[in-house]
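Chains, contacts and geometry: an overview
So the chains spell out like this:
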Amino acid sequence: MKYLLITCIVALIALQACTKVKHLGINSDLAAAFDFNKGSYWIYKDSLTGQIDSFYEFRRDYFSLTHGDYLNDHETMYVLQSNAAHTDSIEWHFYLAQDIYGIAWYNKFGEFSPLFQYPYKLGGGKASYAINIVTNIYPSYTVNNQIFSNVVLVNDSINNTPYPIDSYWNDWFYITANVGIIKMRLFHPYYSINRVWELQSWHIVK
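Because the structure is predicted, anything quoted here is derived from the model rather than measured. (Residues numbered from 1 in each chain as written. Predicted model: local features only at pLDDT ≥ 70, side-chain atom pairs only at ≥ 80, totals over all residues. Heavy atoms only, no water.)

With that settled, consider the overall build of the protein chain. Helices and strands together make up the secondary structure of the protein chain, namely two helices and 13 strands. Taken over 206 residues, the protein chain has a buried fraction of 39%. In the protein chain, the share of contacts with a sequence separation of at least 24, taken over all contacts with a separation of at least 6, comes to 44%. Summed over its atoms, the accessible surface of the protein chain is roughly 11300 Å², and 57% of this surface lies on carbon and sulfur atoms. (Helix = DSSP H or I, 4+ residues; strand = E, 2+ residues; numbered from the N terminus. Buried < 20%, exposed > 50% of the residue type's maximum accessible area, 1.4 Å probe, protein only. Contact = heavy atoms within 4.5 Å. Areas by Shrake-Rupley, 256 points an atom, 1.4 Å probe, with all protein chains shown as cover.)

Two strands pair when backbone bridges link them, and strand 2 (residues 41-46) and strand 13 (residues 193-203) are joined in this way by six bridges, in the antiparallel orientation. Each residue of the ladder has a partner; that of Ile 43, found in strand 13, is Ser 201. Sheet topology note: the strand 12 (residues 180-188)/strand 13 ladder contains six bridges and is antiparallel. Considered in strand 13, the bridge of Met 184 is made with Trp 197. Linking strand 12 back to strand 13 in an antiparallel pair, the connection comprises four residues, with Ser 192 at a positive phi of about 55°. (Pairing = 2+ DSSP bridges.)

All told, the structure shown has 20 aromatic pairs when counted by the stated rule. Ring centres of Tyr 141 and Tyr 174 lie 4.8 Å apart, and the angle between their planes is 35°; this geometry places the pair in the tilted category. Taken together, the positions of Tyr 141 in strand 9 (residues 130-143) and Tyr 174 in strand 11 (residues 169-176) put the pair 33 residues apart, joining distant regions of the chain. Residue class for Tyr 141 comes out buried when judged on its relative accessible area of 18%. On the basis of relative accessible area, Tyr 174 is assigned to the buried category, the value being 7%. With a centroid separation of 5.6 Å and 50° between ring planes, the pair formed by Phe 148 and Trp 202 is classed as tilted. (Phe/Tyr/Trp six-rings, centres within 6.5 Å; stacked < 30°, edge-to-face > 60°.)

With that out of the way, let us pick up the side chain of Asp 171. Relative to the helices and strands, Asp 171 resides in strand 11. It turns out Asp 171 is buried and unbridged, and the closest side chain with the opposite charge, Arg 185, is 8.8 Å from it. Here Phe 187 takes part through its backbone nitrogen, which lies 2.9 Å from a polar atom of the side chain of Asp 171. (Lys, Arg positive; Asp, Glu negative; His and termini not counted. Salt bridge = Lys/Arg side-chain N within 4 Å of Asp/Glu carboxyl O. Polar contact = N/O pair within 3.5 Å; in protein donor to acceptor, adjacent residues only side chain to side chain.)

For the rest of this paragraph, the subject is the environment of Lys 38. By secondary structure assignment, the location of Lys 38 is in the loop between helix 2 (28-34) and strand 2. Counting along the chain gives 168 residues from Lys 38 to Lys 206, while the straight-line C-alpha distance between them is 8.5 Å. Apart from the residues within four sequence positions on either side, Lys 38 is in contact with Glu 57, Phe 58, Arg 59, Arg 60 and Val 205.

Right, let's talk about the nonpolar core for a bit. Phe 34 and Phe 116 are the most contacted members of the largest nonpolar core, which totals 38 residues. Considering each element in turn, this core owes the most residues, five residues, to strand 10 (residues 146-158). (Core = buried A, V, L, I, M, F, W, Y, C linked by side-chain atoms within 4.5 Å.)

Turning our eyes to something else, we now look at the pattern of salt bridges. Summed over all chains, the structure comprises six salt bridges. For the salt bridge of Asp 46 with Arg 195, the shortest nitrogen-to-oxygen distance reads 2.9 Å. Within this pair, whereas Asp 46 is found in strand 2, its partner Arg 195 is found in strand 13, the two being separated by 149 residues in sequence. Close ionic contact of Asp 61 with Arg 59 constitutes a salt bridge, the shortest N to O distance being 3.4 Å. According to the relative accessible area criterion, Asp 61 is partly exposed, its value standing at 28%. A relative accessible area of 37% places Arg 59 in the partly exposed class.

Shown next as structure tokens:
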């Protein structure tokens, strides 16, 4: 009877192990480079108009999406963009998933856009209807007289065919580890957005 009980317990444990859902976790190198905590902020200046806006992280979220037999873990960082007068604001969502860094939503567009894999790789792919391509990896890149190393340049774009005209955009992001976006060229003609934001100062909380 004793051995039968032990056998049943072992079988039950084995069954639980077999049915346990496996997670596709966030790559530890990606997290070390881009997992910024609440309280992080970035100050940018538009080189076209001289406008200065602040971007600060105010919340973070964790969730998992079903991916075949696995759960794909995501971490989302919520960043609020606000001008100096605090008369206008835009909420940005950045996410980490496996080895991917991307934009989940920004500027009225609902789209999971994986900007790049980490470590960086040239090329890219299609996410829903957006095209995301790593076009260059710079050993060093200068913004506002500050030199940043190992900078990836990503083009995130969509044409308006066959989608509505308000879906068109053509954006360029210059990104580096431990800082994030150091420069971004945003072009959304339907919303009269034409910006070249360049990083002026920043504070990262990890």
